[in-house]
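For reference, the chains in residue letters:
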Amino acid sequence: MNVRILIAGATTLLLAACASTQTGAPAPTSLVAEEPPHTKPEIGLFGFDVGGMDRSVAPGDDFVRYAVGKWLDTTEIPPDRSSLGSVAVIKEKASVRVRGIVEEAAEAHAPEGSDTRKIGDYFLTFMDEARIEHLGGSPLKPELDAIAAIKTRKDLSAALGASIRSDVDVLNLGNFYTSHIMGLSVAEDLDDSTQYRPYLLQGGLGMPDREYYLGSSPRYIELRAKYEAHIANMLRLAGFTGPEDRARRVMALEMMIAKVHVSVADTNDVSKGNTVWLRSELAAKAPGLDWAAFLTAAGINGQPRFGAWQPTALVGISKLTATEPLEAWKDYLAFHTIEDAAPLLSQSFVDEQFAFNSKAVSGTPQQSERWKRAVNYTSDALGEAIGKIYVEKYFSPAAKARVEEMANNVLKAFAARLDRLDWLGPETKAQAKRKLANFRVMVGYPDKWRDYSALQVVRGDAYGNWQRAGLFEYRRNVAKLGRPVDRGEWFMTPQTVNALFAPCQNSVTLPAAILAPTFFDPNADTAVNYGALGAGLGHEVSHGFDDNGALFDANGNLKNWWTKADMDHFKAEANKLADQYSAYEPLPGLHINGQQTSAENIADVAGLATAWDAYQLSLQGQPSPVIDGFTAEQRFFLGFAQNYRTKFREAALRRQIVTDILAPAPYRALTVRNLDAWYSTFDVKPGQRLYLAPPERVKIW
Ligand SMILES: [Zn+2]
């Protein structure tokens, strides 16, 4: 299974969280017109949408209707989507641009060895269906032969070690799933963020999680039967005899692996991931695996210490490698080798892989077009090479400078707010100030681009290209071990429509592609940009200082720096805000869950308040202009509300209310009720529906 960064449901995803209703949805097909190649798109579709407002209602009665009422009336949700908001439009636009870059590279006849040539060759090779069809399953032969030649437990340990990749990321992206027996995440040492630590994670399941193996609902029981049939089908396609018997063995083995896995909730809990095992202790701590053979094959046998993210699972997996029959393990390795490679092989493999992993597991009705898959795989292999071209074409130095200036003002404004806080104790406040001083906002693209010269891309070898790209990324991560932590490293590509808060780096990453309307518009006026992007930035910064941020100190180490009194006050104010949100009833009988959405709602209040101050700072005492008949203060709040304009189908709205940690976007826009400035700006009076008396307005930061 190939895990994509683009739509990861990570705990650390930030603005992306604002986009969570789109997560996992099929890519829309009709939201933006395709750009003709070689032309720059027009910017400024948004800025400030006066036409989308409904000025017949009073802002104090229904601010969302006032800000986006006509947009709601006139916008149609495309038939292939369950909701429509800004992020869907931005994503579609970015994906059209990336396609253009990849296709241009394919036509460029760039010099051998150049990044452009590699992008083009990777894409063209993936698109060469005739050759891929001709090759069938033959590219797998060397690997399957090597698995067949396994004779001893030592051989098995080496084969398992050779299979692991850096396809998990514990601290930054929050990717915890790998189908390989274990995953390696090279990330900051939780006790010393200046050093890297190699974290080993549980893996080895072909289905997404242990629940799929152990759950008793009819849905899981049905999926397990389908999975076993799928394993047999894959083995049959690759020419194995007795595929049903082999599938039974593989399934039995995965059931045992599932039993030793820890739950998603525990896996996501960073405070449970801080176990260190010395290299010298591994055989005693987790007996079974031939650790020397495993780590040597993985290229990390020289490491003195390892992080054991889920220690009990690693113990259980290690034991199984010694107790379960070698033949079962060989079938298991063969199946996973085929399964991982299937998207790069001939159509029968592609179809079988899709039928189970996408259709049966996720309910995706239709395979996306081949060019889309080709673009995605090329982006996975050569992300920053594509990103470099992306920013040259679509993200100007002026836009970067403007966002950096906004970020500076947001950080300054947050510092001033910390100074004014009366509830944080003096020592905690001093710690918070130190943490803020270390905070960084990385805008658009990395200062240093990744060097792809060691990655070989061969025309006509789709499977080999994919394999080499996975190994290239693995070796890049292993090479970090023993070197000082690179605080400028990017964990997302510039063309990713997402944003990231990295708790150990103490940084927020804003890729170029998210810096588009309605988050940010280089042509929009400052007030609108502060209301939209500024509030989003303030939201992210505040996460470094909330009850989750309290876990990581000023240096990014896992060390709680709050006192109990600080935490008690924070929780009391948080409860007040939770009550405010729980009173909202988006669907008859269905209220927002104020506790479930609490952390994000707090960040929204903090973000909006901070952005307001930052906007005042940006004026440097100059008066702000009136545009389109609106004062700057009005445009600030309208920019904020319009950034959250979203239209839902009822089922999607219901699902978000029940499952999401974010309140539905229109209710996030109602954050304005907690800002005194909103009342004076729109002359909101007692008796109006959204009015809150001053003591009811929540102020945490
Ligand atoms: Zn958030």
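Residues numbered from 1 in each chain as written. Predicted model: local features only at pLDDT ≥ 70, side-chain atom pairs only at ≥ 80, totals over all residues. Heavy atoms only, no water.

Chemist: Tell me about the sheet that holds strand β7 (residues 500-502), residues and numbers included.
Modeler: Across the sheet, which stays open at both edges, the 3 strands sit in the order β6-β8-β7 with mixed pairing between neighbours. Two strands in the sheet have a free side with no partner beyond their single neighbour: β6 (440-444) and β7. Sheet twist, expressed as the mean angle between neighbouring strand axes with direction ignored, is 15°. Relative to strand β8 (residues 507-511), β7 runs antiparallel, the two sharing 3 bridges. Residue pairing across strands places Ala-502 opposite Ser-507, the latter belonging to β8. Along the sheet, helix α19 (residues 397-420) contacts β6 and β8; its crossing angle with β6, the most-contacted strand, is approximately 160°. (Pairing = 2+ DSSP bridges. Helix = DSSP H or I, 4+ residues; strand = E, 2+ residues; numbered from the N terminus. Axes fitted to C-alpha atoms, helices over the stretch in contact; angles between N-to-C directions. Contact = heavy atoms within 4.5 Å.)

Chemist: I'd love a proper account of the side chain of Asp-121, names of residues and values included.
Modeler: You can see Asp-121 is positioned in helix α4 (residues 115-127). The class for Asp-121 is buried, based on a relative accessible area of 5%. (Buried < 20%, exposed > 50% of the residue type's maximum accessible area, 1.4 Å probe, protein only.)

Chemist: Can you break down the packing of aromatic side chains residue by residue, with the values?
Modeler: The full count for this structure, using the stated rule, is 40 aromatic pairs. Seen from their ring centres, Trp-423 and Trp-701 are 5.6 Å apart, and the 50° between their planes marks the pair as tilted. Of this pair, Trp-423 sits in the loop between α19 and α20 (426-437) while Trp-701 is found in the segment after α28 (676-682), placing the two residues 278 residues apart along the sequence. Side by side, Trp-423 and Trp-701 carry an identical accessibility label, which is buried. An aromatic cluster of three or more residues is present, and its members are Phe-63, Tyr-66, Tyr-530, Trp-612, Tyr-615, Phe-636, Phe-637, Trp-678, Tyr-679, Phe-682 and Tyr-691. Just above the ring of Tyr-445 sits the side chain of Lys-400; from NZ or CZ to the centre is 4.4 Å. (Phe/Tyr/Trp six-rings, centres within 6.5 Å; stacked < 30°, edge-to-face > 60°. Lys NZ or Arg CZ within 6 Å of the ring centre and 35° of its normal.)

Chemist: How would you explain the packing of α19 against helix α22 (residues 526-543) if you had to name every residue and give the values?
Modeler: The N-to-C vectors of α19 and α22 enclose an angle of 55°; their axes lie 10 Å apart at closest approach. Relative to α22, the element α19 is oriented oblique. The hand of the α19/α22 crossing is right-handed. Contacts between α19 and α22 involve Arg-402, Val-403, Glu-405, Met-406, Ala-407, Asn-409, Val-410, Leu-411 and Phe-414 on the former and, on the latter, Thr-526, Asn-529, Tyr-530, Leu-533, Gly-534, Leu-537, Gly-538, Val-541 and Ser-542. A per-class count over the contact of α19 with α22 returns 10 nonpolar, 6 polar and 2 charged. (Parallel < 35°, antiparallel > 145°, perpendicular 65-115°, else oblique. Left-handed = near helix turned anticlockwise from the far one by under 90°. Nonpolar A, V, L, I, M, F, W, Y, C, P; charged D, E, K, R; others polar.)

Chemist: Describe the pairing of β8, listing the residues and the values that go with them.
Modeler: For β8, the buried fraction is high: 5 of the 5 residues fall into the buried class. Alternating residues of β8 divide into Ser-507, Thr-509 and Pro-511 and Val-508 and Leu-510, and every residue in both groups is buried. Pairing analysis gives 5 bridges linking β6 to β8, with the strands arranged parallel. Counted as the bridge partner of Val-443 is Leu-510 from β8. The turn linking β7 back onto β8 is made up of 4 residues, and Asn-506 within it adopts a positive phi angle of 55°.

Chemist: How would you sum up the side chain of Asp-340? Please name residues and give values.
Modeler: Among the structural elements, Asp-340 can be located in helix α15 (residues 326-341). Of the side chains with opposite charge, Arg-165 lies nearest to the buried Asp-340, which makes no salt bridge, at 8.0 Å. Of note is the side chain of Asp-340, whose polar atom sits 3.5 Å from the side chain of Ser-179. (Lys, Arg positive; Asp, Glu negative; His and termini not counted. Salt bridge = Lys/Arg side-chain N within 4 Å of Asp/Glu carboxyl O. Polar contact = N/O pair within 3.5 Å; in protein donor to acceptor, adjacent residues only side chain to side chain.)

Chemist: Tell me about helix α2 (residues 63-74), residues and numbers included.
Modeler: For α2, the set of buried residues is Phe-63, Val-64, Tyr-66, Ala-67, Val-68, Gly-69 and Trp-71. Residues of α2 that are buried sit in contact with β1 (83-85), α25 (632-643), β9 (646-648), α27 (665-668) and α28.

Chemist: Provide a residue-level description of the environment of Pro-517, including the pertinent values.
Modeler: Here Pro-517 shows up in the loop between β8 and α22. In this structure the C-alpha to C-alpha distance between Pro-517 and Leu-144, which are 373 residues apart in sequence, comes to 49 Å.

Chemist: Hey, could you go over the coordination of the zinc ion for me, with residue numbers and the actual values?
Modeler: The protein atoms that coordinate the zinc ion are His-539 (NE2), His-543 (NE2) and Glu-600 (OE), at distances spanning 2.0 to 2.1 Å. We note that the donor set of the zinc ion lies within a single chain, spaced as H-x3-H-x56-E. Here Glu-600 lies in helix α24 (residues 598-619) and His-539 lies in helix α22, a separation of 61 residues in the sequence. (Donors = N, O, S within 2.8 Å, 3.2 Å for Na, K, Ca; no water.)

Chemist: Explain unusual backbone geometry residue by residue, including any values.
Modeler: Backbone torsion omega between Pro-517 and Thr-518 reads 10°, so that peptide bond is classified as cis. Tracing the sequence through the fold places Thr-518 in the loop between β8 and α22. Positioned with a positive phi, His-109 is a non-glycine residue whose angle comes to about 50°. Counting through the fold element by element, His-109 comes out in the loop between α3 (86-107) and α4.

Chemist: Before we move on, can you summarise the confidence of the model for the protein chain with the specific residues and values?
Modeler: A low pLDDT means the predicted coordinates there should not be read in detail. Mean pLDDT for the protein chain: 90, with 93% of residues reaching 70 or above. Under a pLDDT of 50 for its full length, residues 1-46 has, in the predicted model, 119 contacts with residues more than four places off or in other chains. (pLDDT = per-residue confidence, 0-100.)

Chemist: Now, about the pairing of strand β5 (residues 305-308): what can you tell me, with residues and values included?
Modeler: In this sheet, β5 lies alongside strand β3 (residues 192-202) in parallel orientation, the contact comprising 2 bridges. Each bridged residue has a counterpart across the sheet, and for Leu-200 the counterpart in β5 is Ala-308.

Chemist: Any details on the packing of α22 against α25? Residues and values, ideally.
Modeler: Their axes nearest at 7 Å, the elements α22 and α25 cross at an angle of 40°. With respect to their mutual orientation, α22 and α25 come out oblique. Along this stretch, α22 crosses α25, giving a crossing that reads as right-handed. Counted together, Ala-527, Val-528, Tyr-530, Gly-531, Ala-532 and Ala-535 of α22 and Ala-632, Arg-635, Phe-636, Gly-639, Phe-640 and Asn-643 of α25 form the full contact between these two elements. Across the contact of α22 with α25, the residue classes tally to 8 nonpolar, 3 polar and 1 charged.

Chemist: Describe in detail the sheet that holds strand β2 (residues 182-189), supporting the description with residues and values.
Modeler: Within the open sheet, the 4 strands sit side by side as β2-β3-β5-β4. Their pairing is mixed. In this open sheet, the two strands that pair with only one neighbour each are β2 and β4 (275-278). When strand polarity is set aside, the average angle formed by the axes of neighbouring strands in this sheet is 35°. The pairing of β4 with β5 spans 4 bridges and is antiparallel. Residue pairing in the sheet places Thr-275 in a bridge with Ala-308 of β5. Contacting β2, β3, β4 and β5, helix α14 (residues 311-323) crosses the sheet at an angle of about 45° to β3.

Chemist: Tell me about the nonpolar core, and please be specific about residues and values.
Modeler: Grouped together as the largest cluster of nonpolar side chains are 184 residues, with contacts concentrated most on Phe-63, Phe-637, Trp-678 and Trp-701. Those residues in contact with Phe-637 that lie beyond four places of it in its chain are Phe-63, Leu-608, Trp-612, Val-672, Leu-675, Ala-677, Trp-678, Thr-681 and Phe-682. Judged by nonpolar contacts, the second largest core, of 13 residues, contains Phe-176, Ala-187, Leu-201 and Trp-309. (Core = buried A, V, L, I, M, F, W, Y, C linked by side-chain atoms within 4.5 Å.)

Chemist: Outline α4, supporting the account with residue identities and numerical values.
Modeler: For α4, which comprises 13 residues, the first-to-last C-alpha distance of 18 Å matches the rise-based estimate of 18 Å (1.5 Å per residue) to within 8%. Turning to α4, its buried residues number three or more, namely Lys-118, Ile-119, Gly-120, Asp-121, Tyr-122, Phe-123, Thr-125 and Phe-126. At its buried positions, α4 is contacted by α3, α5 (129-135), α17 (370-381), α18 (383-394) and α21 (462-478). (Expected span 1.5 Å × (residues − 1).)

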